[in-house]
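Observations on the three-dimensional arrangement
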Amino acid sequence: MSATPLTVNAREALDFLALYHQETGRPGLRSRQADVERTGTLTLSADELTFGARVAWRNSTRCVGRLPWASLTVRDLRHVTAAPDVFQELVRHLRSSFARGRIRPTMSVFGPGVHIHNDQLIRYAGYRAPDGTVTGDPQNVALTEHLRRLGWAGGPGTPFDVLPLAIETHGAVTLFELPPDAVHEVRLVHPEYPAFADLGLRWHALPVISDMTLHVAGQQFACAPFNGWYLGTEIAARNLADQARYNLLPLVARTLCIGTRDRRALWLDRALLELNVAVLHSFDAAGVRMADHHGAARQFQQFETYERRAGRAVRGRWSWLIPPMSPATTPTWHQTYDETEVTPNFTRQTPRWGEVPSGRCPVHR
Ligand code: ARG
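As a convention, each chain's residues are numbered from 1 in the sequence order in which they are written. Per-residue local features of the predicted model are confined to residues with pLDDT of at least 70, and side-chain atom pairs are confined, for both listing and counting, to 80 or more; whole-chain, interface and lining totals are unaffected and use all residues. With hydrogens and water excluded, all non-hydrogen atoms of the structure serve as input to the side-chain values.

A count of helices and strands for the protein chain gives 10 helices and 16 strands. It is over C-alpha atoms that the radius of gyration is taken, and the globule rule equals 2.2 Å times the number of residues to the power 0.38. Its C-alpha atoms give the protein chain a radius of gyration of 22 Å, near enough to 21 Å, the size a compact globule of 365 residues would have. Summarising its shape, the C-alpha atoms of the protein chain cover approximately 75 × 50 × 40 Å along the three principal directions. The proportion of buried residues among the 365 residues of the protein chain is 46%. Here, residues are in contact when the closest pair of their heavy atoms is within 4.5 Å. For the protein chain, long-range pairs separated by at least 24 residues make up 68% of all intrachain contacts whose partners lie at least 6 apart in sequence. Using a 1.4 Å probe, the Shrake-Rupley method yields the accessible areas, and only the shown protein chains count as cover for residues. Here the protein chain has roughly 17900 Å² of accessible surface; of this, 52% comes from carbon and sulfur atoms. Distance between charge centroids for the protein chain: 2 Å, based on 40 positive and 35 negative side chains. Only DSSP runs of H or I with at least four residues qualify as helices, and only runs of E with at least two residues qualify as strands; both kinds are numbered from the N terminus onward. Think of it in three bands: residues with accessible area under 20% of the maximum for their type are buried, residues over 50% are exposed, and the middle band is partly exposed, with areas taken using a 1.4 Å probe on protein chains only. Residues scored as positive are Lys and Arg, those scored as negative are Asp and Glu, and His as well as the terminal groups of each chain are ignored. Lysine's charge is taken at NZ, arginine's at CZ, aspartate's at CG and glutamate's at CD.

Turning our attention to the sheet that holds strand E12 (residues 219–221). Here, a strand pair is defined by DSSP locating no fewer than two bridges between the strands. Read across the open sheet, the 3 strands follow the order E12-E11-E16; overall the sheet is antiparallel. If you trace the sheet from one side to the other, it starts and ends with E12 and strand E16 (345–348), each paired once. Strand-to-strand twist in this sheet, taken as the mean axis angle between neighbours without regard to direction, amounts to 30°. To obtain an axis, a line is fitted to C-alpha atoms, over the contacting stretch when the element is a helix, and the angle between two such axes runs from 0 to 180 degrees between their N-to-C directions. Contacting strand E11 (212–216), E12 and E16, helix H3 (residues 46–58) crosses the sheet at an angle of about 120° to E11.

Each reported salt bridge corresponds to a side-chain nitrogen of Lys or Arg within 4 Å of a carboxyl oxygen of Asp or Glu. A complete count under the given rule lists 21 salt bridges for this structure. A salt bridge links Asp76 to Arg78, with the nearest nitrogen and oxygen atoms 2.8 Å apart. You can call Asp76 partly exposed: its relative accessible area is 27%. You can call Arg78 partly exposed: its relative accessible area is 22%. One continuous salt-bridge network, built from bridges that share partners, spans Glu23, Arg58, Glu307 and Arg312.

Here we take up the packing of aromatic side chains. Put simply, two rings from Phe, Tyr or Trp (the six-membered ring, in Trp's case) pair if the centres are within 6.5 Å, and we call them stacked under 30 degrees between planes, edge-to-face over 60, tilted for the rest. According to the stated counting rule, one finds 14 aromatic pairs in the structure shown. A centroid spacing of 5.9 Å and a plane angle of 65° characterise the contact between Phe300 and Tyr337, whose relative ring orientation is edge-to-face. Here the residue Phe300 occupies a position in helix H9 (residues 293–309), and Tyr337 occupies one in the loop between helix H10 (318–321) and E16, the gap between them amounting to 37 residues. Accessibility classification places Phe300 together with Tyr337 in one group, the buried group. Pairwise contacts between aromatic rings join Tyr124, Phe160, Trp203 and Tyr246 into one cluster. The side chain of Arg62 reaches across the aromatic face of Trp320, ending 5.1 Å from its centre. Charges are assigned to positions over rings by a cutoff of 6 Å between ring centre and Lys NZ or Arg CZ, combined with an angular limit of 35 degrees from the ring normal.

In terms of residue burial, helix H6 (residues 232–239) counts as a mostly covered element, since 6 of its 8 residues are buried. Taken as a whole, H6 has its buried residues at Gly232, Thr233, Ile235, Ala236, Ala237 and Asn239. Looking at the buried side of H6, the elements it contacts are strand E9 (202–204), strand E14 (230–231), helix H8 (267–285), strand E15 (290–291) and H9.

Reading across from one edge, E1-E2-E13-E10 is the order of the 4 strands in this open sheet, with mixed pairing throughout. Each edge of the sheet is formed by a strand with only one pairing partner; in this case those strands are strand E1 (73–77) and strand E10 (208–209). One ladder, built from 2 bridges, connects strand E2 (residues 106–110) with strand E13 (residues 226–227); its direction is antiparallel. Among the inter-strand pairings, Met107 is bridged to a residue of E13, identified as Phe226. Along the sheet, H3 contacts E1 and E2; its crossing angle with E1, the most-contacted strand, is approximately 130°. This element, helix H4 (residues 83–98), spans E1, E2, E10 and E13 of the sheet and lies at about 170° to E2.

With that out of the way, let us pick up the packing of helix H1 (residues 8–24) against helix H2 (residues 29–39). Two elements in contact, H1 and H2, have axes whose closest approach is 10 Å; the angle formed by their N-to-C orientations is 170°. Classified by the angle their axes make, H1 and H2 are roughly antiparallel. Here H1 contributes Ala10, Ala13, Leu14, Leu17, Ala18 and His21 to the contact with H2, which in turn contributes Leu29, Arg32, Gln33, Val36 and Glu37. Comment on the angle field: the value is read as roughly parallel under 35 degrees, roughly antiparallel over 145, roughly perpendicular from 65 to 115, and oblique elsewhere.

Right, let's get into the side chain of Arg58. Along the chain, Arg58 turns up in helix H3. Exposure remark for Arg58: the relative accessible area of 5% places this residue in the buried category. Throughout this description, a polar contact denotes any pair of N or O atoms lying within 3.5 Å of each other; where both atoms belong to protein, one of them has to be capable of donating a hydrogen while the other can accept it, and for residues adjacent in sequence the pair is counted only when both atoms sit in side chains. A polar contact is formed between the side chain of Arg58 and the side chain of Glu23, at a distance of 2.8 Å.

Attention shifts here to the side chain of Thr330. With respect to the helices and strands, Thr330 occurs in the loop between H10 and E16. Thr330 gets classed as buried once you look at its relative accessible area, which sits at 2%. Setting aside residues no more than four positions away along its own chain, Thr330 makes contact with His293, His294, Ala297 and Pro323.

Turning our attention to the pairing of E2. Of all 5 residues in E2, 5 are buried; the element is thus mostly enclosed. Burial along E2 is two-sided: Thr106, Ser108 and Phe110 and Met107 and Val109, pointing in opposite directions, are all buried. Chirality of the crossover, the property in question, places the unit of E1, H4 and E2 among those that are right-handed. Convention used here: a crossover is right-handed provided that the path from the first strand, over the helix, to the second strand proceeds clockwise when the strands point away from the viewer.

Checked against the element boundaries, Arg238 lands in helix H6. In this structure, the C-alpha to C-alpha distance between Arg238 and Leu272, residues 34 residues apart in sequence, is 9.7 Å.

Let us look at the environment of Gln349. If you trace the backbone, Gln349 turns up in the segment after E16. Sequence separation of Gln349 and Trp57 is 292 residues, and the distance between their C-alpha atoms is 17 Å. Here Gln349 is in contact with His115, Ser210, Asp211, Met212, Thr213 and Ala222, once residues within four sequence places are set aside. Of note is the side chain of Gln349, whose polar atom sits 2.8 Å from the backbone oxygen of Ala222.

So, in structure tokens, the structure goes:
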């Protein structure tokens, strides 16, 4: 054993190995520890990386859908670092994780020097007109303008144009258009109001987060996009409903003949409810997996029970775990959570096109 003091990263590597061997029951902890003590670093095996990624999910305080953490499929692509290869693997990720609607939680871990500028693999453009109005997703205006500066010619100009991917490898950025058959979308209809379909609304099936760094064993993987399946409220109570996003509640109310004159008749709430019904119904009818907020809360309770039985503490951020509609109807509302962060886990990256304005609440996703 060397006498040189261990670095913070080496210490984290040792902690990780202890956790890995304790939880998996695999033999060989001593020799792996000796590797770290001798070299000061650890080259993770594919199995260790998989375990680390799964535990990072388990430790994600903002995620209400952690129950199936141990089922995460991890694609070890640490040898992939060239932009065209990264792109090809991202397309494969989209296809295999969609799994004809069954949706498999999946993560692809790429090699060093790779960065995806998009915060999710599938994002709708936000085009800002000179008068300030936005066509598409206002949240993606900065990303859209960044991609334009990188040379994107722009899409057809619908409210749901899928953005190209900007993949950076060792400082050089390349744009790639996703093949349409890799991007599954669900057209939104309402089970009782045929007029709802005329709104022409849709959303993509897969939320693939691509702007978070995976931290495992003192190492950082900056390009490790991952997905689960959507929770209905993410789309219907936020993406399509927020005033700073698609802001569709007034239009939904008008379309469903919910009078918008009397605030206290709760037309906003009624429109919100019907939009949520439409999203859940449409995904179900299309055979695309989606959670609803009552089911998700129940699953989270189950997760808490399993974790308690395994002797582990569950950490969480209450404001992220409660649903954005009818939160007090879920048991989560009535609980408190320990917010401390432990590794392995994920951290959000700064967008490549500039700093996030400080002092503002991070965007809930
Ligand atoms: N809230 C984000 C969105 O609407 C997705 C965040 C991840 N969600 C998930 N169900 N895994 O696109």
